Amino acid sequence: MPGLKNSLGWQYIQKTKFSRHNIYSLKRPMIAPCGVFKIYQNSEMISLPEPIKLNVELCSLINNRRSHREFNKQAINLEELSTILWAGYGIREKKMGFYFRNVPSAGALYPIEIYLISFNIDTIERGIYHYFPRDHVLELIKRGDFSKELTQASLGQGFVSKGGVIIIMSAVFRRNMAKYSHRGLRYILLDAGHIAQNMILVGESMSIGSCPIGAFFDDEVNQLLGLDGEEESVVYMLVFGKKV
Ligand SMILES: Cc1cc2nc3c(=O)[nH]c(=O)nc-3n(C[C@H](O)[C@H](O)[C@H](O)COP(=O)(O)O)c2cc1C
């Protein structure tokens, strides 16, 4: 299978394998660490309401989950958005200097940052926001309607801006890789998957459908969010909207 073996992904997996022979002799670059949180100083803050205390049956949520690409015109309310964000990346406990969250994360480093572009959320303006999990608030980055830019950046997938909100996950590579080096990228992407599934299932419990988005022009999304694409870059997106 020479084609497979020529792929960067295959080579990355081979080169980042741990074995009993290499575990103590792996060569790794020294990567300086960085802070555990990103904060938009001086931005307008929007407090999020308490997340809804859901009492739902997990098996039926798993059973009902499908990806949705058509949505109802009804707005998502701020309480529902708060619940999705909290389920995906909210903080439950501060202990031994770590902010433990609702998802597992390699080394409790939480290298993912969460942004959102709102299209139809009842009490907030259209715009781009950053979720600051420590205080469970949104920080306003830019006001405006970014549906055209987002659709173009998502390879023309028009439905990405037809729901209530798109949640965008970026990775702050250094936050994880200062500890895990080459292998860290595996963990970063796994972390994103945990976050996504919590958000998707909690959305499902409130009749909010979703679709994961992996097809996008990375640097166009980065530019929209104001990310440099090197220290921090988009890795995954999730569209949410009320089910038809
Ligand atoms: C990592 C990942 C990336 C995806 N990217 C897209 C995408 O860009 N556009 C899209 O319409 N669906 C996307 N999907 C959704 C898949 O097409 C969908 O999950 C798959 O067809 C299975 O259907 P189901 O989710 O309804 O079970 C993606 C799913 C995953 C997990």
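Preceding this section is the structure that the text describes.
Residues numbered from 1 in each chain as written. Predicted model: local features only at pLDDT ≥ 70, side-chain atom pairs only at ≥ 80, totals over all residues. Heavy atoms only, no water.

Caption draft 1: Spotlight on the nonpolar core. Leu81, Leu85, Ile112, Ile114, Leu138, Met199 and Phe240 are the most contacted members of the largest nonpolar core, which totals 38 residues. Counting residues per element, the ones that place at least two in this core are helix H4 (78–89), strand E4 (112–118), strand E5 (127–132), strand E6 (137–143), strand E7 (165–172), helix H6 (173–180), helix H7 (184–205) and strand E9 (232–242). In terms of residue count, H7 provides more of this core than any other element does, seven residues in total. In contact with phenylalanine 240, not counting residues within four places along its chain, are Phe71, Ile76, Ile84, Gly163, Gly164, Val165, Ile167, Met199, Ile200, Ile208, Gly209 and Ser210. Ranked by size, the runner-up nonpolar core spans 23 residues in total, among them Phe146, Cys211, Phe216 and Leu224. (Core = buried A, V, L, I, M, F, W, Y, C linked by side-chain atoms within 4.5 Å. Buried < 20%, exposed > 50% of the residue type's maximum accessible area, 1.4 Å probe, protein only. Helix = DSSP H or I, 4+ residues; strand = E, 2+ residues; numbered from the N terminus. Contact = heavy atoms within 4.5 Å.)

Caption draft 2: Quick look at the packing of H6 against H7. Packing of H6 against H7 brings their axes to within 8 Å, and their N-to-C directions diverge by 135°. By the angle class used here, H6 and H7 are oblique. H6 and H7 meet at a crossing whose hand is right-handed. On H7, the residues touching Phe173, Asn176, Met177 and Tyr180 of H6 are Gly184, Leu185, Tyr187 and Ile188. Class assignment for the residues of the contact of H6 with H7 results in six nonpolar, two polar and no charged. (Axes fitted to C-alpha atoms, helices over the stretch in contact; angles between N-to-C directions. Parallel < 35°, antiparallel > 145°, perpendicular 65-115°, else oblique. Left-handed = near helix turned anticlockwise from the far one by under 90°. Nonpolar A, V, L, I, M, F, W, Y, C, P; charged D, E, K, R; others polar.)

Caption draft 3: Examining the packing of aromatic side chains more closely. Per the counting criterion, the structure on display carries six aromatic pairs. For the pair tyrosine 180 and tyrosine 187, a centre-to-centre distance of 4.9 Å together with 90° between the ring planes defines the contact as edge-to-face. Taken together, the ring pairs in this structure connect Phe37, Tyr99 and Phe132 into an aromatic cluster. One residue, arginine 101, lies across the ring of tyrosine 89, its end atom 4.3 Å from the ring centre. Over the aromatic face of phenylalanine 18 sits the side chain of arginine 183, whose NZ or CZ is 4.0 Å from the ring centroid. (Phe/Tyr/Trp six-rings, centres within 6.5 Å; stacked < 30°, edge-to-face > 60°. Lys NZ or Arg CZ within 6 Å of the ring centre and 35° of its normal.)

Caption draft 4: Geometry of the site of the ligand. Around the ligand sit Arg65, Arg66, Ser67, Arg69, Gln157, Phe159, Cys211, Pro212, Ile213, Gly214, Ala215 and Tyr236, and those are all the residues in its vicinity. Here an oxygen atom of the ligand sits 3.2 Å away from a polar atom, N or O, in the main chain of alanine 215. Look at the ligand: alone it shows 620 Å² of surface, and the protein chains cover 57% of it. Counting residues per element, the shell around the ligand draws most heavily on strand E8 (residues 208–213), at three residues. Broken down by class, the residue content of the shell around the ligand amounts to six nonpolar, three polar and three charged. (Near = heavy atom within 4 Å. Polar contact = N/O pair within 3.5 Å; in protein donor to acceptor, adjacent residues only side chain to side chain. Areas by Shrake-Rupley, 256 points an atom, 1.4 Å probe, with all protein chains shown as cover.)

Caption draft 5: Geometry of the pattern of salt bridges. Within this structure, the stated rule accounts for ten salt bridges. Between glutamate 231 and arginine 174 there is a salt bridge, with its nearest N and O atoms 2.7 Å apart. Placement of glutamate 231 in the loop between helix H8 (218–225) and E9 and of arginine 174 in helix H6 is noted, with a sequence separation of 57 residues between them. By relative accessible area, which is 35% here, glutamate 231 ends up partly exposed. We note a salt bridge from glutamate 204 to lysine 243, for which the minimum N-O separation is 2.6 Å. Taken together, the residues span a long stretch of sequence, with glutamate 204 in helix H7 and lysine 243 in the segment after E9 at a distance of 39 residues. Overall, lysine 243 belongs to the partly exposed group, its relative accessible area being 24%. Residues joined by salt bridges that share partners form a network here, namely Glu44, Glu125 and Arg143. (Salt bridge = Lys/Arg side-chain N within 4 Å of Asp/Glu carboxyl O.)

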